[in-house]
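Overview (structure and organization)
Letter by letter, the chains look like this.
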Amino acid sequence: MSRSREPRRPATLASIAAELKVSRTTVSNAYNRPDQLSPELRERVLMAAKRRGYAGPDPVARSLRTRKAGAVGLVLTEALSYSFRDPAAMAFLAGLAESCEAAGQGLLLIPAGPDRDDTAAAAVVQQAGVDAFVVYSVADDDPYLLAVRERHLPIVICDQPRGVPEAALVAIDDRAAMKVLADQVIALGHEHIAVLCMRLGRDRRDGVVPPDRLRDSHFHVQRERIAGVKDSMAEAGLDPDTLTVVERFEHTTRSGHSAAAQALQANRDTTALLCTTDVLALGALKFAKVTGIDVPGQLTVTGFDGVEDAIRENVTTVRQDAEEKGRRAGALLVSTARSGVVAAEFLPTELVKGRTAGPPPLSA
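What this report covers is the structure whose coordinates are included nearby. (Residues numbered from 1 in each chain as written. Predicted model: local features only at pLDDT ≥ 70, side-chain atom pairs only at ≥ 80, totals over all residues. Heavy atoms only, no water.)

Side note on the overall build of the protein chain
Of regular secondary structure, the protein chain possesses 15 helices and 13 strands. When each of the 364 residues of the protein chain is scored for burial, the buried share is 47%. Long-range pairs, those at least 24 residues apart, make up 70% of the contacts in the protein chain between residues at least 6 apart in sequence. Total accessible area on the protein chain is roughly 18500 Å²; 51% of this is exposed by carbon and sulfur atoms. (Helix = DSSP H or I, 4+ residues; strand = E, 2+ residues; numbered from the N terminus. Buried < 20%, exposed > 50% of the residue type's maximum accessible area, 1.4 Å probe, protein only. Contact = heavy atoms within 4.5 Å. Areas by Shrake-Rupley, 256 points an atom, 1.4 Å probe, with all protein chains shown as cover.)

What follows is the structure, given as structure tokens:
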């Protein structure tokens, strides 16, 4: 009866080095620093490893040794699926991925949607194997942001919140950009205006926004864009308190559709809907189309962001370069990690005069 063989032990970096009579560093360099070896020696190491079924140094062990994960964590304020549907978020993600790729970094997506259990936030962030974080547009009271800050790693915030002392920032001047747009609308003669906005807090609410809700908003971008409209109204001699603001928790064209209906029902004299995003504006335009409201003859509709669909539909909007925001966020991470100095970068915006804004009807 033949004797059973003992199972062959898995090859390791050390066993490959012993077989070839080279150092462990040489084997490691064949994978991680190939420029340190001659092509012949590297080929000999790789062929021996392939023959023995060795796939290379353990990345987990390497990260423990170097204390570097080789990845950036991107904290998203929405569900992961949303981030691949929202055009502005997709553009930002593309820019950030390009920047990370150039720096030799991976990208770990950490969705921090508003419906997630807050108690899980710290665990998710603490377990993320990353060297730095990019926080994409979250509320100032978001538990994921608190957990990120407790990691004491380099942080770049995109858009919001503002005023995090240890974090770099890449953003635009939302208030000034929205005021330029509102100035354009008011110059056309509009006096009865409504704003359709994204959520103002992490709690689920839809409807006309009372003053205290707006004042206590935890989302800087929405609060500032609405403030820009009010600034323009006050400057033009209109009462900012007459502004109707309608909030939607979900950021979809369907939300824009229903918000437009609610805004016009709340104030039937409304002649202009200023939307804080293009997605909401596209929904408002669909509402106008199905209800037979002429745009811009009877109703002006404007957006914000300058996404491709809005430009294609000739929406009057504010264009910002979300992809460049992503690139700049990645660059800021590198510079912050190297220098330890946090910085803020504000990117330019551009008013796009489309075909969805015109004078109010004569009977208004």
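Picking up where we left off.
Some thoughts on the pairing of strand β4 (residues 155-158)
Taking every second residue as pointing to the same face, both faces of β4 are buried, with Ile-155 and Ile-157 on one and Val-156 and Cys-158 on the other. One ladder, built from four bridges, connects strand β3 (residues 132-136) with β4; its direction is parallel. Pairing of Val-134 across the sheet is with Val-156, part of β4. As for the winding sense of the linkage, the β-α-β connection from β3 through helix α8 (residues 143-150) to β4 is right-handed. The pairing of β4 with strand β5 (residues 167-171) spans four bridges and is classified as parallel. From the neighbouring strand, Cys-158 faces β5, where its bridge partner is Val-170. (Pairing = 2+ DSSP bridges. Right-handed = clockwise from strand over helix to strand, strands pointing away.)

A short note on the packing of aromatic side chains
A full pass over the atoms with the stated rule returns one aromatic pair. Between Arg-199 and the ring centre of Phe-249, over which it is positioned, the NZ or CZ distance is 4.2 Å. One Lys or Arg, Arg-225, reaches over the ring of Phe-304 and ends 3.8 Å from the middle of that ring. (Phe/Tyr/Trp six-rings, centres within 6.5 Å; stacked < 30°, edge-to-face > 60°. Lys NZ or Arg CZ within 6 Å of the ring centre and 35° of its normal.)

What about the pairing of strand β6 (residues 193-197)?
Working note: regular strand, side chains alternate between the two faces of the sheet. In terms of burial, β6 is largely enclosed, as five of its five residues are buried. In β6, alternate side chains face the same way, and those of Ile-193, Val-195 and Cys-197 on one face and Ala-194 and Leu-196 on the other are all buried. Taken together, the four bridges between β6 and strand β9 (residues 272-275) define a ladder with parallel strand orientation. In the sheet register, Leu-196 faces β9, and the bridge partner there is Cys-275. Pairing of β6 with strand β8 (residues 244-247), which is carried by four bridges, proceeds in the parallel orientation. Among the inter-strand pairings, Val-195 is bridged to a residue of β8, identified as Val-245.

Looking at the sheet that holds strand β10 (residues 300-302)
Spatial strand order, β7-β8-β6-β9-β10: five strands in an open sheet with mixed pairing. Edge strands, defined here as strands with exactly one partner in the open sheet, are β7 (207-208) and β10. Contacts from helix α11 (residues 220-235) reach β6, β8 and β9 within the one sheet, and its direction differs from that of β6 by about 170°. (Axes fitted to C-alpha atoms, helices over the stretch in contact; angles between N-to-C directions.)

As for unusual backbone geometry
Peptide bonds are trans in most cases, and residues, glycine excluded, mostly fall at negative phi. Backbone torsion omega between Gln-160 and Pro-161 reads 5°, so that peptide bond is classified as cis. Take Pro-161: it is sitting in the loop between β4 and β5. The peptide bond linking Val-295 to Pro-296 adopts the cis configuration, its omega dihedral lying at 10°. Summarising the element assignment, Pro-296 is placed in the loop between α13 (278-290) and β10. Backbone geometry at Ser-137 places phi at a positive 55°, although glycine is not the residue there. As for its placement among the helices and strands, Ser-137 is situated in the loop between β3 and α8.

Examining the pattern of salt bridges
Counting across every chain of the model gives 23 salt bridges. Where Asp-183 meets Lys-179, a salt bridge forms, and the shortest distance between an N and an O atom there is 2.9 Å. Residue Asp-183 and its partner Lys-179 are located together in helix α9 (residues 174-187), separated by four residues, close to a single helical turn. Taking the shortest distance from any N to any O, the salt bridge between Glu-323 and Arg-327 comes out at 2.8 Å. (Salt bridge = Lys/Arg side-chain N within 4 Å of Asp/Glu carboxyl O.)

From the geometry alone we can't say anything about function, so treat these as descriptive.
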